[in-house]
Amino acid sequence: MSIMLTPIFQILIPLANASSSQLTPLLQTSIGAFAAILGGIVASLLSGHYLIMKVREEKRLEMLVDVLDTVYAPFQEIAEEIINQKQISKIHNDALLKLIRNNMKYIFRCPEDIKKEISNLRENLRCGDPDEAIKSVKTINGKIDELIAKSF
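Residues numbered from 1 in each chain as written. Predicted model: local features only at pLDDT ≥ 70, side-chain atom pairs only at ≥ 80, totals over all residues. Heavy atoms only, no water.

**A closer look at the overall build of the chain**
(1) Moving on: Across its full length, the chain carries six helices and two strands.
(2) Moving on: When its helices and strands are written in sequence order, the chain yields α-β-β-α-α-α-α-α.
(3) Moving on: For the chain, the residues scored as buried account for 26% of the 152 residues in total.
(4) Moving on: Of the contacts formed within the chain by residues at least 6 apart in sequence, a portion of 58% connects residues at least 24 apart.
(5) Moving on: When the accessible surface of the chain is split by element, carbon and sulfur atoms take 61% of a total near 10,600 Å². (Helix = DSSP H or I, 4+ residues; strand = E, 2+ residues; numbered from the N terminus. Buried < 20%, exposed > 50% of the residue type's maximum accessible area, 1.4 Å probe, protein only. Contact = heavy atoms within 4.5 Å. Areas by Shrake-Rupley, 256 points an atom, 1.4 Å probe, with all protein chains shown as cover.)

**Quick notes on the nonpolar core**
(1) Moving on: In this structure, Y72, F75, L96 and L121 are the most contacted members of the largest nonpolar core, which totals 27 residues.
(2) Moving on: Of all the secondary-structure elements, those providing two or more residues to this core are α2 (25–85), α3 (90–102), α4 (104–107), α5 (112–127) and α6 (130–151).
(3) Moving on: Top contributing element to this core by residue count: α2, with nine residues.
(4) Moving on: Y72 has contacts with L64, V67, C110, P111, I114, I144 and L147, leaving out every residue within four places of it along the chain. (Core = buried A, V, L, I, M, F, W, Y, C linked by side-chain atoms within 4.5 Å.)

**Some remarks on the pattern of salt bridges**
(1) Moving on: A complete count under the given rule lists six salt bridges for this structure.
(2) Moving on: With its nearest N and O atoms 4.0 Å apart, the salt bridge here joins E123 to R126. Separated by three residues within a single helix, E123 and R126 lie in helix α5, roughly one turn from each other.
(3) Moving on: Its relative accessible area of 37% is what places E123 among the partly exposed residues. (Salt bridge = Lys/Arg side-chain N within 4 Å of Asp/Glu carboxyl O.)

**What to know about α2**
(1) Moving on: With 61 residues, α2 should cover 90 Å at 1.5 Å per step; its first-to-last C-alpha distance of 86 Å lies within 8% of that length.
(2) Moving on: Within α2, the axis deviates most sharply at L68, by approximately 45 degrees.
(3) Moving on: Just downstream of α2, K86 is the residue with a positive phi angle, here 60 degrees. (Expected span 1.5 Å × (residues − 1). Bend = angle between axes of the 7 residues up to and from the residue.)

**Topic: empty space enclosed by the protein**
(1) Moving on: Considering all chains together, one arrives at one cavity of 30 Å³ or more under this definition.
(2) Moving on: Size it by volume and the largest cavity reaches roughly 40 Å³.
(3) Moving on: Considering the residues around the largest cavity, the lining is formed by V71, F75, L99, I100, I107, I118, L121 and I140.
(4) Moving on: When contributions to the lining of the largest cavity are tallied by element, the ones reaching two or more residues are α2, α3 and α5.
(5) Moving on: In terms of residue class, the lining of the largest cavity is made up of eight nonpolar, no polar and no charged. (1 Å grid on protein atoms, 1.4 Å probe; cavity = no way out; pocket = protein on both sides within 12 Å on 5 of 7 lines; lining within 4 Å. Points joined across faces, edges and corners; volume = space filled by probe spheres on them. Nonpolar A, V, L, I, M, F, W, Y, C, P; charged D, E, K, R; others polar.)

**Re the packing of α2 against α3**
(1) Moving on: Contact pair α2 / α3: the axes reach a minimum separation of 11 Å and the direction vectors enclose 160 degrees. Taken together, the axis directions place α2 and α3 in an arrangement best described as roughly antiparallel. Judged by the twist between their axes, the crossing of α2 over α3 is left-handed. Taken together, the residues of α3 that come into contact with α2 (itself represented by T70, V71, P74, F75, I78, E81, I82 and Q85) are H92, A95, L96 and L99.
(2) Moving on: Of the residues contributing to the contact of α2 with α3, the split by class is eight nonpolar, three polar and one charged. (Axes fitted to C-alpha atoms, helices over the stretch in contact; angles between N-to-C directions. Parallel < 35°, antiparallel > 145°, perpendicular 65-115°, else oblique. Left-handed = near helix turned anticlockwise from the far one by under 90°.)

Structural data, given as C-alpha cells:
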C-alpha cells in the first residue's frame, strides 16, 4: 500500500521526498501540528461537554431543592396530618389551597404527573370532594417520595 501512495505523494504533495518515499521534516511537522490542533479541539469539546453537563446537573438539583423547600416539604407536613386523621379539615383545605396558590411558579417545575395531580387536588378542594382530595393527597405524597428517593 505504501508503494502505491508514493506516486500520489509525489504528485499532490511536493514536500514528499520521491527518492526515499519518506516524508520530509516539514511535512512531518505539518502533520504533527495538525494532529495537535485536532487533539486540542477534541479535548476542548469533551471538557466543555463535561462542564455543561455538570452545570445542568447542579441547576437541576438546585431547582429540585427550591421546589422541595417551598412545595414538597410543606405539602408533606399537611399530607401527613390528613392521612393520619383520614379527613380534610377546613384548616387543611385552606392551607393546601394557599400552598398551591402561592407556589405556582415552583409547581410548574414539578414533573407532569405531579402537576396534574396537584391540579386535580385543587379542583377537589374547591368543589368540596374530600374523598377524592384525600386520594390525590396520598398519590401526590407517594410521587414526591419516589422523586426524592430517585434524585438523592
